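Summary of the model geometry
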Amino acid sequence: MSVLRPWTWSRTALRRGFQGLVALSVLPLAPTTWAWLTSAGHRVTAEPGTRWTAEVPAMPAALVLGAGVRDGRPSPMLRARLDIAAELYRTGRVRALLLSGDNSRRDYDEPSVMRDYLVSGGVPADRIVLDYAGFDTWDSCVRAKEIFGASRLVVVTQVFHLPRAVALCRTAGLDAFGVGDDSSRDWPAETVAYAVREIPASAKGLADGLVLRSSPRFLGRRETTLDHALAR
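In this report, we go over the structure that sits alongside the text. Bear in mind the structure is a predicted one, so any value in this text is a computation, not a measurement. (Residues numbered from 1 in each chain as written. Predicted model: local features only at pLDDT ≥ 70, side-chain atom pairs only at ≥ 80, totals over all residues. Heavy atoms only, no water.)

Digging into the layout of surface pockets
Here the largest pocket defines a volume of roughly 730 Å³. Lining the largest pocket are 30 residues, and of these Gly-66, Arg-81, His-161, Arg-164 and Arg-197 lie nearest its centre. Those elements giving two or more residues to the lining of the largest pocket turn out to be helix H3 (76–90), helix H5 (137–146), helix H6 (162–171) and helix H7 (188–211). Here the lining of the largest pocket gets eight residues from one element, more than from any other, and that element is H7. Partitioned by chemical class, the residues of the lining of the largest pocket number eleven nonpolar, nine polar and ten charged. (1 Å grid on protein atoms, 1.4 Å probe; cavity = no way out; pocket = protein on both sides within 12 Å on 5 of 7 lines; lining within 4 Å. Points joined across faces, edges and corners; volume = space filled by probe spheres on them. Helix = DSSP H or I, 4+ residues; strand = E, 2+ residues; numbered from the N terminus. Nonpolar A, V, L, I, M, F, W, Y, C, P; charged D, E, K, R; others polar.)

Okay, here's the thing in structure tokens:
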């Protein structure tokens with residue numbers, strides 16, 4: 001009867017251990033890879049000084065995702081998103097703007113602050129629609145389709161968030177194209193921090209969109225406000 005030598009067992013254990021480590025190192029990147037592949041060919045960066053709007057297909061509406069407000073004013077990153085949305089409207093790439101954000105408390109109202117900023121910049125108020133229950137990206141995408149009746153739209157956010165946002169909206173059944181602000185120019189440290197957060201956020205998004213098909217925190221009844229804005 002043959003007996004395996006100790007070094008044979010050691011090599012086998014090392015090989016299996018290495019394979020396990022490779023699998024564990026790749027697994028956390030799978031959701032991010034899914035987001036990038038799903039959104040590939042459906043996103044562009046809004047580079048200053050370039051004709052980036054020419055790369056955006058004409059769509060009925062833009063979905064602008066909330067990114068924090070303070071003292072009645074949008075955060076710097078949110079202002080960048082809103083400026084992109086305003087440019088999409090001015091150049092005729094979209095006809096209406098759907099602003100989706102958090103209004104879970106009386107003293108915190110992202111969509112209204114976003115609207116006021118755009119109106120002060122010349123966007124007509126009757127072309128703006130507010131979604132007060134956009135508590136996360138998946139909720140905003142699902143509500144855009146199920147509550148506001150959107151079928152095709154441009155998603156506006158930062159570049160680090162863009163693949164996940166586009167992927168989730170497309171998973172929700174929307175024909176979505178994304179435009180992103182490259183925040184690394186002005187906020188490099190914050191951008192790195194947010195980019196790292198995209199790894200667990202993409203895992204949650206993958207679970208919500210493909211595995212669980214989660215319902216938004218608040219769904220509600222069908223609204224016609226986007227229909228009316230587009231009709232004008």
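A word on the packing of aromatic side chains
The tally for this structure, following the rule as stated, stands at one aromatic pair. Relative to Tyr-194, the ring of Phe-160 lies with its centre 5.4 Å away and its plane at 5°, an arrangement referred to as stacked. Here Tyr-194 lies in helix H7 and Phe-160 lies in the loop between strand S7 (152–158) and H6, a separation of 34 residues in the sequence. Note on Tyr-194: relative accessible area 32%, which makes it partly exposed. Sitting over the face of the ring of Phe-135, Arg-217 holds its NZ or CZ atom 4.2 Å from the ring centroid. (Phe/Tyr/Trp six-rings, centres within 6.5 Å; stacked < 30°, edge-to-face > 60°. Buried < 20%, exposed > 50% of the residue type's maximum accessible area, 1.4 Å probe, protein only. Lys NZ or Arg CZ within 6 Å of the ring centre and 35° of its normal.)

Observations regarding the sheet that holds S7
Two strands in a sheet stick together by hydrogen bonds in their backbones, pointing the same way (parallel) or opposite ways (antiparallel). Pairing in this open sheet of six strands is parallel, and the strands run S1-S8-S7-S2-S5-S6 from one edge to the other. Either end of the sheet is taken by a strand with one partner, and the two such strands are strand S1 (43–45) and strand S6 (128–131). Taken over all neighbouring pairs, the strand axes of this sheet differ in orientation by 20° on average, direction set aside. In this structure, strand S2 (residues 61–65) lies alongside strand S5 (residues 96–100), joined through five bridges in parallel fashion. Along S5, the bridge assignment pairs Ala-61 with Ala-96. The strands that H3 touches are S2, S5, S7 and strand S8 (175–181); relative to S7, the one it contacts most, it runs at about 145°. (Pairing = 2+ DSSP bridges. Axes fitted to C-alpha atoms, helices over the stretch in contact; angles between N-to-C directions. Contact = heavy atoms within 4.5 Å.)

Quick look at the side chain of Arg-143
Checked against the element boundaries, Arg-143 lands in helix H5. Classification of Arg-143 by relative accessible area gives buried; the value is 4%. In contact with Arg-143, other than residues within four places in its own chain, are Asp-131, Ala-133, Phe-148, Pro-216, Phe-218 and Leu-219.

Overview of the environment of Ala-54
Note on placement: Ala-54 falls in the loop between S1 and S2. On the basis of relative accessible area, Ala-54 is assigned to the exposed category, the value being 52%. A sequence separation of 34 residues divides Ala-54 from Leu-88, and the C-alpha atoms of the two residues are 10.0 Å apart.

Looking at the pairing of S2
Counting buried residues in S2 gives five out of five residues, a clear majority hidden from the surface. The side-chain alternation of S2 yields two buried faces, one formed by Ala-61, Leu-63 and Leu-65 and the other by Ala-62 and Val-64.

Looking at the pairing of S6
Going residue by residue along S6, you find Ile-128 and Leu-130 tucked away on one face and Val-129 and Asp-131 tucked away on the opposite face as well. Sheet topology note: the S5/S6 ladder contains four bridges and is parallel. Looking at S6, one finds that Leu-99 is bridged to Leu-130. Handedness of the crossover is the feature at issue here: the chain leaves S5, passes through helix H4 (residues 110–120), returns alongside S6, and the resulting connection is right-handed. (Right-handed = clockwise from strand over helix to strand, strands pointing away.)

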